[in-house]
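What follows is each chain in one-letter form.
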Amino acid sequence: MEQRYFEDIEEGSEVPTLRKDPTPQQLVKYAGASGDFYQIHYDVNFAKNNGLPDIILHGALKNAFLGQLMTDYVGFDGTLKKLSCQYRAMDIPGTPVFAKGNVVKKYVEENENIVECEIWLENEEGQKTTPGYAIVSLPNRS
């Protein structure tokens, strides 16, 4: 994992893309780990009978993908201070999703190096399904 430093970050720069390839098996495991056993996440017939195109990813799992995007971005010496997202569209297992982001602002506040990022999850068609926002703290290079 690469360590990023506050001095090296520029407003407008991109957060490196994180590709995830969720599978139905991952959704079953996530259901067990999270306690979210709503059938739309693992029972194809139930999902389709409820008007969905297929089983869909858990919203909290999509949030976790965005969390991984940002913790990978800040490295071991950085801190994820805030993460939020909205679930605007469904994502289907068996198709890739891409966690992406841009730096929108950087500043020093109370001797802490703050970087604010617009983040999102998008499907392979480029549709932003899960927009969000993150605030991180990065170390100085020195």
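Residues numbered from 1 in each chain as written. Predicted model: local features only at pLDDT ≥ 70, side-chain atom pairs only at ≥ 80, totals over all residues. Heavy atoms only, no water.

Engineer: So what's going on with unusual backbone geometry? Which residues, and what values?
Structural biologist: The bulk of non-glycine residues show a negative phi, and the bulk of peptide bonds are trans. The phi torsion at Glu-110 lies on the positive side, around 50°, for a residue other than glycine. Residue placement: Glu-110 occurs in the loop between strand 3 (97-109) and strand 4 (112-123). For Glu-110, a relative accessible area of 76% corresponds to the exposed category. With a phi close to 60°, Asn-111 is a non-glycine residue in the positive phi region. Relative to the assigned elements, Asn-111 resides in the loop between strand 3 and strand 4. You can call Asn-111 exposed: its relative accessible area is 80%. (Helix = DSSP H or I, 4+ residues; strand = E, 2+ residues; numbered from the N terminus. Buried < 20%, exposed > 50% of the residue type's maximum accessible area, 1.4 Å probe, protein only.)

Engineer: Could you give me a rundown of the pairing of strand 3, with the residues and numbers involved?
Structural biologist: Along any regular strand, the residues point their side chains to alternate faces of the sheet. For strand 1 (residues 14-20) and strand 3, the ladder comprises 5 bridges, and the chain directions are antiparallel. Bridge assignment links Leu-18 to a residue of strand 3, and that residue is Ala-99. Note that strand 3 and strand 4 share 12 bridges and pair antiparallel. Bridge pairing links Ala-99 to Leu-121 in strand 4. Remark: 2 residues form the turn of the hairpin made by strand 3 and strand 4, two consecutive strands paired antiparallel; Glu-110 in that turn has positive phi of roughly 50°. (Pairing = 2+ DSSP bridges.)

Engineer: Which residues make up helix 3 (residues 59-74), and what are the values?
Structural biologist: For an α-helix the count is 3.6 residues per turn, leaving residues at separations of three or four pointing the same way. For helix 3, which comprises 16 residues, the first-to-last C-alpha distance of 23 Å matches the rise-based estimate of 22 Å (1.5 Å per residue) to within 8%. Taken residue by residue, helix 3 has Gly-59, Leu-61, Lys-62, Phe-65, Leu-66, Gly-67, Leu-69, Met-70, Tyr-73 and Val-74 as its buried positions. In the segment just after helix 3, Gly-75 is the residue with positive phi, at about 75°. (Expected span 1.5 Å × (residues − 1).)

Nothing here speaks to function; it is all geometry.
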